[in-house]
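So the chains spell out like this:
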Amino acid sequence: MQTGKLKRVIQFSAGPAKLPDWVLDKAQQELKNYNDTGISVMEMSHRSAEFVNILESAKKRLIKLLSIPDKYHVLFLQGGGTGQFSAIPMNLMKKGKADYVVTGGWSAKAAKEAENFGQVNLVLPKLSQYNRIPRQDEWNLSDDADYVYYCANETVFGVEFPFVPEVKKDIPLVCDMSSNFLSKTVDVSKYGVIIAGAQKNVGIAGVAVVIVREDLLGSPKTYCPSILDYTIMAKNNSLYNTPPCYGIYILGLVLEWLENNGGLQERDRVNKEKSSCIYQVIDKSDGFYSCPVENSVRSRMNLPFRIGGPEGNVDLEKKFLQETEARGMISLKGHRSVGGIRASLYNAMTLEETKILAAFMEDFRDRYGGSQK
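A brief structural summary. These figures come from a predicted structure and were not determined experimentally.

## Looking at the overall build of the protein
And step 1. Along its length, the protein carries nine helices and 16 strands.
And step 2. For a compact globule of 373 residues, the expected C-alpha radius of gyration is about 21 Å, and the protein comes in at 21 Å, within 12% of that figure.
And step 3. Nonlocal contacts in the protein, meaning residues at least 24 apart in sequence, comprise 69% of its contacts between residues at least 6 apart.
And step 4. Of the roughly 16,900 Å² of accessible surface on the protein, a fraction of 48% belongs to carbon and sulfur atoms.
And step 5. Of the side chains in the protein, 46 bear a positive and 43 a negative charge, and the two mean positions are spaced by 2 Å.

Here is the structure:
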């Protein structure tokens, strides 16, 4: 695809990921002179009225999109999702015990990090392969946990929760929504804390969105750093220290784009259609393409598959990546820990772009299907 002399490709990266064209164009227009201030947002004081307005506008848009109840605080922090792996136990682990539902690499890392701060109960026995989510009646939840933690969508293995876990009323539910944040409607009232790194669905690297219920503030561990202390950051409106200003600005533009394009109900509809487009090609390929994930928990955001059989044919997969790149489709290589192919279809990926990949997959299968064995 061409925009003047600038070549644009279709970017299927798992993150940092594709941004909406409208957001890029708007940011380009305002890069050197934001709102007639004569300076860039990158040069702007975080204490200035202009930046505070950027932050407040982003907050208001997020509250509106998710219908966030009044009893929650919205924070824009640094450290990404991984920083929150430490922030959560340091803010919430008051009795020293938490339940972790490990269904992939990111929830496993979060559980490992939490062990530095208290007792971690692994709700599930270690899965032989991260390709399913056991029914909740198979879980071993504690009666006295400070919170229950899970990851809504595992980017590496392509596993997404199709349900919200049920927990005891007095135990907060904590969720890492980094890779499916704002891809569908969510009932925020079911959660104590929601965290999301922005660089997949809602912006650029450098911003972590935290939505925290007010009653969970006030009791961080004494050694919790100020920049990870939810109480301090909520009291200071995320401005205790210099925040990731430009990242918050881009986040605000993405939220504006979401608002102007049908909100989360429309994103849910489009995202289902996009993922179905690819999964249908896989399922109708007579085994040429193979997705290892159980159908009921297949991710709409990150779609892993092998070519030439369940274990993959390395030569065919290499050829697939070479040919897609030659056709302007990049970042389709699977995560290094699992191999194969992975197509990430975050909010900014259009249905038309997804169909280009689906059509290529069908053509590739027609040309090489006879050589898979």
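## Overview of the environment of N116
And step 1. Within the secondary structure, N116 is located in the loop between α4 (105-114) and β6 (119-122).
And step 2. Taking relative accessible area as the criterion, N116 reaches 55% and is therefore assigned exposed.
And step 3. Sequence spacing of N116 and M90 is 26 residues, and the spatial spacing of their C-alpha atoms is 9.7 Å.

## Topic: the packing of helix α7 (residues 263-283) against helix α9 (residues 351-368)
And step 1. Put simply, α7 and α9 touch, their axes get as near as 9 Å, and they point 5 degrees apart. Between α7 and α9, the angle falls in the class roughly parallel. Residue-level inspection shows E273, K274, C277, I278, V281 and I282 of α7 in contact with α9, the latter providing L351, T354, K355, L357, A358, M361 and E362.
And step 2. Counted by class, the contact of α7 with α9 contains eight nonpolar, one polar and four charged residues.

## Re helix α6 (residues 245-260)
And step 1. The end-to-end C-alpha distance of α6 is 23 Å, a good match for the 22 Å that 16 residues give at a rise of 1.5 Å each.
And step 2. Among the 16 residues in α6, 14 count as buried, and that is most of the element.
And step 3. Following α6 by one or two positions, G262 has its phi on the positive side, about 95 degrees.

## Section: the sheet that holds strand β4 (residues 72-77)
And step 1. The strand order β4-β12-β11-β10-β7-β5-β6 describes an open sheet built from seven strands, whose pairing is mixed. Of all the strands in the sheet, just β4 and β6 have a single pairing partner and so form its edges. The mean angle between the axes of side-by-side strands here comes to 20 degrees, regardless of whether they run parallel or antiparallel.
And step 2. Sheet topology note: the strand β7 (residues 148-151)/strand β10 (residues 173-176) ladder contains four bridges and is parallel.

## Points about the sheet that holds strand β13 (residues 289-290)
And step 1. Ordered in space as β13-β14-β16, the three strands form an open sheet in which the pairing is antiparallel. Each end of this open sheet is capped by a strand with a single partner; those strands are β13 and β16 (341-344).
And step 2. Judged from the four bridges that link them, strand β14 (residues 302-307) and β16 form a sheet pairing that is antiparallel. Among the inter-strand pairings, P304 is bridged to a residue of β16, identified as R342.
And step 3. Set on the sheet, helix α8 (residues 314-326) makes contact with β13, β14 and β16; between it and β14 the angle comes to about 130 degrees.

## So, the pairing of strand β12 (residues 208-213)
And step 1. In terms of burial, β12 is a largely internal element, six of the six residues being buried.
And step 2. What you see with β12 is no split at all: A208, V210 and V212 on one side and V209, I211 and R213 on the other are buried throughout.
And step 3. Relative to β12, β4 runs antiparallel, the two being bridged by six bridges. Its bridge partner lying in β12, L77 is registered against A208.
And step 4. Here five bridges tie strand β11 (residues 193-197) to β12, and the two strands are oriented antiparallel to one another.

## So, the pattern of salt bridges
And step 1. For the structure on display, the rule yields 19 salt bridges.
And step 2. Notably, a salt bridge pairs E30 with K26, separated by 3.5 Å at the nearest N-O pair. Taken together, the residues E30 and K26, both in helix α1 (residues 21-30) and four residues apart, mark about one turn of the helix.
And step 3. Given the relative accessible area of 15%, E30 is considered buried.
And step 4. A residue is classified by how much of its surface remains accessible, and K26, at 26% relative accessible area, is partly exposed.
And step 5. As a salt-bridge pair, D144 and K97 come within 3.1 Å of each other at their nearest N and O atoms. Of this pair, D144 sits in the loop between β6 and β7 while K97 sits in strand β5 (residues 97-100), and the two are 47 residues apart along the sequence.
And step 6. The buried category is assigned to K97, whose relative accessible area is 17%.
And step 7. One network of salt bridges, in which partners are shared, links E160, D268, K272 and R300.

Reading the values: the criteria
- Residues numbered from 1 in each chain as written.
- Predicted model: local features only at pLDDT ≥ 70, side-chain atom pairs only at ≥ 80, totals over all residues.
- Heavy atoms only, no water.
- Helix = DSSP H or I, 4+ residues; strand = E, 2+ residues; numbered from the N terminus.
- Rg over C-alpha atoms; globule rule 2.2 N^0.38 Å.
- Contact = heavy atoms within 4.5 Å.
- Areas by Shrake-Rupley, 256 points an atom, 1.4 Å probe, with all protein chains shown as cover.
- Lys, Arg positive; Asp, Glu negative; His and termini not counted.
- Charge placed at Lys NZ, Arg CZ, Asp CG, Glu CD.
- Buried < 20%, exposed > 50% of the residue type's maximum accessible area, 1.4 Å probe, protein only.
- Axes fitted to C-alpha atoms, helices over the stretch in contact; angles between N-to-C directions.
- Parallel < 35°, antiparallel > 145°, perpendicular 65-115°, else oblique.
- Nonpolar A, V, L, I, M, F, W, Y, C, P; charged D, E, K, R; others polar.
- Expected span 1.5 Å × (residues − 1).
- Pairing = 2+ DSSP bridges.
- Salt bridge = Lys/Arg side-chain N within 4 Å of Asp/Glu carboxyl O.

So, to be careful, I would describe these as geometric facts and stop short of saying anything about function.
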